[in-house]
Every structure is written in structure tokens, then in C-alpha cells.
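The chain contents come next:
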Amino acid sequence: NAGVTQTPKFQVLKTGQSMTLQCAQDMNHEYMSWYRQDPGMGLRLIHYSVGAGITDQGEVPNGYNVSRSTTEDFPLRLLSAAPSQTSVYFCASSYSVSGGSDTQYFGPGTRLTVL
Amino acid sequence: DAKTTQPPSMDCAEGRAANLPCNHSTISGNEYVYWYRQIHSQGPQYIIHGLKNNETNEMASLIITEDRKSSTLILPHATLRDTAVYYCIVRRIVWPGTASKLTFGTGTRLQVTL
């Protein structure tokens, strides 16, 4: 298993540009989510999905769009990049376990700089 | 989800046990205690979780007080590779069709030294 993969590893954008951060998992996980981490801070949830075709907003969703057309993929779109979106972005996935707990598996991250 | 309080930083000598405390005094009966760590800006890594009883796996032990208001993560023989930020997270039980969300604080930065 490759686990959770993210591309690209690094990206530099100019203000106003758009781009898509890719996330894929090969563990047949139902849940996928996107977090951002600013310097010296913990991770904050952007968007999440409980299954294909179902997405919802997290703590900091403004400026980002997501879709989930397959179980494996959960791309994050920046519509019009702003310097405030400079951050490290992590994708995560987990099983759905009936009546119990689950653990999340994180990708290696995408380091985004918006000039 | 209940909030957690952790010391911002701790030091530990290599080979010694590292004991990382976490306070979660507002935890409710249907909330788990999870521990993750993040090594030098890599993606967070799951360590262990528990509900009421103490738990142990190949990485660590988790001690939860009887009233569940605090817990301690124990790395029995810390190595330099255990230097990381450790996050204590309290999260509700996950049911099918519900969101599997984690709320991260700022964690404890553990520095393991020679």
C-alpha cells in the first residue's frame, strides 16, 4: 500500500491564481479530509468527506472547494490564491468503524507559498 | 469535543522514559483520548488511543486517570527519533456516516537529547 499520497510536494503561486492539490489513498477508506498548518500552530480542518459524493465544511473552508467523485481521490481546489493561504496542507483518511474508534492516516503534505 | 491542555515543551534524555501529560477535564463519557505526533513538519502519525482503560502498543503506553480528566503518554525508552510535537486530542466516538474529525491544539514539543 502506498497509503495517502499528495501532489505536488511544493508549489509557488501568484495572488489570484488557481490550482488543485491532489490527494489519493489506496486503503479503501471512507473518510478523507484536508487540514492546513500555519507556522507554529496545530492543524486546522478545511473540508472533509464521509464518502464518495458527500463533502462538508470544516473549521476554515473559505477560499477552498472540494469534491469526492471516487473513494480514492479527494482534491482540494484553491479558487483564487491569496497570501493568507500560504501554509502546509495535509490530507488524511480513515476507516469507518461501526460503533468504535478509528485512526487517521496522513499524507506527507504540500507546502504552498502564495506571493 | 473536549479541549485539552498540554505543556508547550519537555526535554528527555535518550534511553529514559518520556512522560507527556494531558489535561482534559471536560471530557465526556463518549469521547476517546488520542495521541498523534508530528516529526519535523511531516504528516502527523497516530500513536495510541483509549477510552477508559490503560492501553499499550509497540510505540507507547497510555495511562488514563480513573476520572478520565487527565492522561499520560509514556514512551518507555525515548530515542532521538522520538523528538517531535505530540498532540493529545479528545474526540467523540465515530459512527458510520459521521465525520471523522480531529481537532489539533499546539501540542507538546518533546526534545530528546543525548
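Every value quoted in this text rests on a predicted model; they were computed, and no experiment measured them.

Thresholds applied
Residues numbered from 1 in each chain as written. Chains lettered and ligands numbered in written order. Predicted model: local features only at pLDDT ≥ 70, side-chain atom pairs only at ≥ 80, totals over all residues. Heavy atoms only, no water. Helix = DSSP H or I, 4+ residues; strand = E, 2+ residues; numbered from the N terminus. Contact = heavy atoms within 4.5 Å. Polar contact = N/O pair within 3.5 Å; in protein donor to acceptor, adjacent residues only side chain to side chain. Pairing = 2+ DSSP bridges. Axes fitted to C-alpha atoms, helices over the stretch in contact; angles between N-to-C directions. Buried < 20%, exposed > 50% of the residue type's maximum accessible area, 1.4 Å probe, protein only.

Residues and elements named next belong to chain A. Here Ser49 shows up in strand β5 (residues 43-51). Discounting chain neighbours no more than four positions away, the residues touching Ser49 are Glu30, Tyr31, Met32, Ile54, Thr55, Arg68 and Phe74. A polar contact is formed between the side chain of Ser49 and the backbone oxygen of Ile54, at a distance of 2.6 Å.

Looking now at the sheet that holds strand β3 (residues 31-38) of chain B. All names here are of chain B. One open sheet accounts for 5 strands, arranged β1-β9-β8-β3-β4; its pairing is mixed. Each of the sheet's edge strands pairs with one partner strand only, and the pair in question is β1 (9-13) and β4 (45-50). With direction set aside, neighbouring strand axes in the sheet form an average angle of 25 degrees. Of the strand pairs in this sheet, β3 and strand β8 (residues 84-92) are connected by 8 bridges, and their pairing is antiparallel. Bridge pairing in β8 links Tyr32 to Arg91.

We now examine unusual backbone geometry. Looking along the chain, the bond that leaves A:Thr7 and enters A:Pro8 is cis, with omega of -10 degrees. With respect to the secondary-structure elements, A:Pro8 resides in the loop between β1 (4-7) and β2 (10-13). Look at A:Asn28: it is not a glycine, yet its phi comes out positive at around 60 degrees. Its location among the elements puts A:Asn28 in the loop between β3 (19-25) and β4 (31-37). With a phi close to 65 degrees, B:Arg68 is a non-glycine residue in the positive phi region. Structurally, the position occupied by B:Arg68 is in the loop between β6 (61-64) and β7 (70-75). A relative accessible area of 9% means that B:Arg68 is categorised as buried.

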